[in-house]
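Coordinate analysis (summary)
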Amino acid sequence: MAEATSEKGTATLFSPYKMGKFSLSHRVVLAPMTRCRALNGVPNQALAEYYAQRSTAGGFLITEGTAISPTAAGFPHVPGIYSKEQVEAWKQVVESVHAKGAIIFCQLWHVGRASHQVYQPGHAPPISSTGNPISKRWRILMPDGTHGVYPKPRPLAIHEISEVVEHYRQAALNAIEAGFDGVEIHGAHGYLIDQFLKDGINDRSDSYAGSLPNRCKFIMQVVQAVAAAVGPDLVGVRISPAIDHLDAMDSDPLGLGLAVIERLNKLQSDVGSLAYLHITQPRYTAYGQTESGRHGSAEEEASMMRTWKRAFRGTFICSGGYTRELGLEAVAEGDADLVSYGRLFIANPDLVLRFKLNAPLNRYKRATFYTHDPVIGYTDYPFLASESEGHVPLARL
């Protein structure tokens, strides 16, 4: 596909891009973000409006982390994709996005040890690669809005790992049944897959631990199973080798990222191209805290991302603290094909238009990130055209 260019002949955030079978009109992606509005795990009309508000013709959206099984959640009121009711409920969300001409992938999520007995069937301990809990540096959001301590998890037995892989595979099939254009496998940010990848967590003594090939085994089993189920061109993968969110530290982040990429490239040679690789870079923050405790210089961090981008044979999405200017720079310099935005998109449903016009941005309200109101802090952020008039609900447009 011939890509639109700036006057200097370089691609911009607003240039078209061909992501495998998908033709995108611009490169500003809605990043996956937990918002806790799917009451009792079931998507609803509020989610349909939220995602539709952030949809543009030819735009690309990735949903919030979506639980693949009853054991997968670690926040209150996050959506799932494992029951018939959930699949049916997602259809209205997908339809609202497609009506705006946008493309949407469902992010498949299992939090592993980043959970609590209150979120687990039968109040069982959460599962993980390890029996060690997340440190008290971190707190888990409880259903009543308070914050608790992460409990001691139960390490998965080897025979149970294939069962979890099957949950990912079935969740991917469910997502396609719900109408999603594809799925993203969440292998980042200290959640279950990352708990196998990172040597700061994975203390097993079996074939899933120790060497890089062993620690990459679980993620590759998941990717292979999902790609075989729905087609590799409908599968994206997210990793965060350099992020220590929820104690997910690794002794060699660069090497870990390259090891995963090497195996993804091999898979692509064998079965066909994946949709993309999505990597969070070290300046990513969440809960107001910097997640990587070992920040180097900006140039060192950029060099790491550049190395991963050049190694991966396919579409590369970067995320993590990008502004309009940093996103423009990343695309123009060839450091990313697409840039995903989180908190800026929360507060600016028309972020693409605001970026195009270089217009002022609404400030986000952190206090409402994880509340459950279907409107306040969720679908009530103003659009440019309605800032002085009051927002007109999508249903009336």
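Residues numbered from 1 in each chain as written. Predicted model: local features only at pLDDT ≥ 70, side-chain atom pairs only at ≥ 80, totals over all residues. Heavy atoms only, no water.

So, the environment of G320
Its place among the elements puts G320 in the loop between β15 (316–319) and α9 (324–332). Classification of G320 by relative accessible area gives buried; the value is 8%. C-alpha of G320 to C-alpha of Q281: the two residues are 39 residues apart in sequence and 5.5 Å apart in space. (Helix = DSSP H or I, 4+ residues; strand = E, 2+ residues; numbered from the N terminus. Buried < 20%, exposed > 50% of the residue type's maximum accessible area, 1.4 Å probe, protein only.)

Some details on the nonpolar core
Proteins that are soluble and globular tend to have nonpolar side chains buried together. F60, Y168 and F218 are the most contacted members of the largest nonpolar core, which totals 101 residues. Considering every element that reaches this core, the biggest residue donor is helix α6 (residues 217–230), with 9 residues. For F218, the contacting residues outside a window of four places in its chain are I161, V164, V165, Y168, L192, I193, F196 and Y208. Counting 16 residues, the second largest nonpolar core, distinct from the first, contains V78, W109, V111 and W138. (Core = buried A, V, L, I, M, F, W, Y, C linked by side-chain atoms within 4.5 Å. Contact = heavy atoms within 4.5 Å.)

A closer look at the confidence of the model for the protein chain
Within the protein chain, residue pLDDT values average 92, and 91% of them lie at 70 or more. Contacts from residues 1–8, a stretch scored under 50 in pLDDT, to residues over four places away or in other chains number 14 contacts. The low-confidence segment residues 388–397 (pLDDT under 50) makes 11 contacts with residues lying over four places distant or belonging to another chain. (pLDDT = per-residue confidence, 0-100.)

Remarks on the pattern of salt bridges
For the coordinates displayed, the defined rule picks out 15 salt bridges. K91 serves as the salt-bridge partner of E88, at 2.9 Å between the closest nitrogen and oxygen. Of this pair, E88 and K91 both sit in helix α2 (residues 84–98), 3 residues apart, roughly one helical turn. E88 gets classed as partly exposed once you look at its relative accessible area, which sits at 37%. Look at K91 and you get partly exposed, because its relative accessible area is 24%. With its nearest N and O atoms 2.7 Å apart, the salt bridge here joins K266 to D270. Of the two residues, K266 and D270 both sit in helix α7 (residues 253–271), 4 residues apart, roughly one turn of that helix. Beyond isolated ion pairs, a larger network of salt bridges with shared partners links K84, E88, K91 and E177. (Salt bridge = Lys/Arg side-chain N within 4 Å of Asp/Glu carboxyl O.)

Digging into the packing of aromatic side chains
Scanning the model with the defined rule gives 16 aromatic pairs in all. With 6.0 Å between their ring centres and 35° between their planes, F75 and W109 make a pair best called tilted. Of the two residues, F75 sits in the loop between β4 (60–67) and α2 while W109 sits in strand β5 (residues 103–109), which places them 34 residues apart along the sequence. For F75, a relative accessible area of 9% puts it in the buried group. Here the aromatic rings of W109 and Y191 are separated by 5.4 Å at their centres, their planes lie at 90°, and the arrangement is edge-to-face. Of this pair, W109 sits in strand β5 while Y191 is found in the loop between β10 (182–187) and α4 (192–197), placing the two residues 82 residues apart along the sequence. (Phe/Tyr/Trp six-rings, centres within 6.5 Å; stacked < 30°, edge-to-face > 60°.)

Focus: the sheet that holds strand β12 (residues 276–280)
Taken in spatial order, the 8 strands close into a barrel running β3-β4-β5-β10-β11-β12-β15-β16, and their pairing is parallel. Strand-to-strand twist across the sheet, computed as the mean angle between neighbouring axes with direction ignored, equals 25°. Inspection of the sheet shows β12 paired to β15 by 4 bridges, in the parallel sense. Bridge pairing links T280 to S319 in β15. (Pairing = 2+ DSSP bridges. Axes fitted to C-alpha atoms, helices over the stretch in contact; angles between N-to-C directions.)

Side note on the packing of helix α1 (residues 45–53) against α2
Two numbers describe how α1 lies on α2: the axes approach to 8 Å, and their chain directions differ by 20°. As far as their axial angle goes, α2 and α1 are roughly parallel. For the pair α1 and α2, the sense of crossing is right-handed. Every residue of α2 that contacts α1 at Q45, L47, A48, Y51 and A52 is listed here: W90, Q92, V93, S96 and V97. (Parallel < 35°, antiparallel > 145°, perpendicular 65-115°, else oblique. Left-handed = near helix turned anticlockwise from the far one by under 90°.)

A few points about unusual backbone geometry
For N40, which is not glycine, the phi torsion reads 60° and is therefore positive. Note on placement: N40 falls in the loop between β3 (28–30) and α1. Look at N40 and you get exposed, because its relative accessible area is 69%. Even without a glycine there, the phi angle at L246 is positive, about 60°. Assignment of secondary structure puts L246 in the loop between β11 (235–239) and α7.

Focus on α1
Within α1, 8 of the 9 residues are buried, which leaves it mostly tucked inside the rest of the structure. Those residues of α1 that sit buried are A46, L47, A48, E49, Y50, Y51, A52 and Q53. Packing partners of the buried residues in α1 comprise β3, β4, α2, β5 and α10 (343–347). Its side-chain oxygen 3.1 Å from the backbone nitrogen of A46, N44 forms the N-cap of α1. (Polar contact = N/O pair within 3.5 Å; in protein donor to acceptor, adjacent residues only side chain to side chain.)

A closer look at the pairing of β11
Where burial is concerned, most of β11 is hidden: 5 out of the 5 residues are buried. Of the two faces of β11, the one carrying V235, V237 and I239 and the one carrying G236 and R238 are both buried. Direction of pairing for β10 relative to β11: parallel, over a ladder of 5 bridges. What sits directly across from V183, in β11, is V235. With 4 bridges connecting them, β11 and β12 associate as parallel partners.

What to know about the pairing of β12
Across the 5 residues that make up β12, a large majority, 5, are buried. Burial along β12 is two-sided: the residues Y276, H278 and T280 and L277 and I279 are all buried. For the crossover that starts at β11, traverses α7 and ends in the parallel β12, the hand is right-handed. (Right-handed = clockwise from strand over helix to strand, strands pointing away.)

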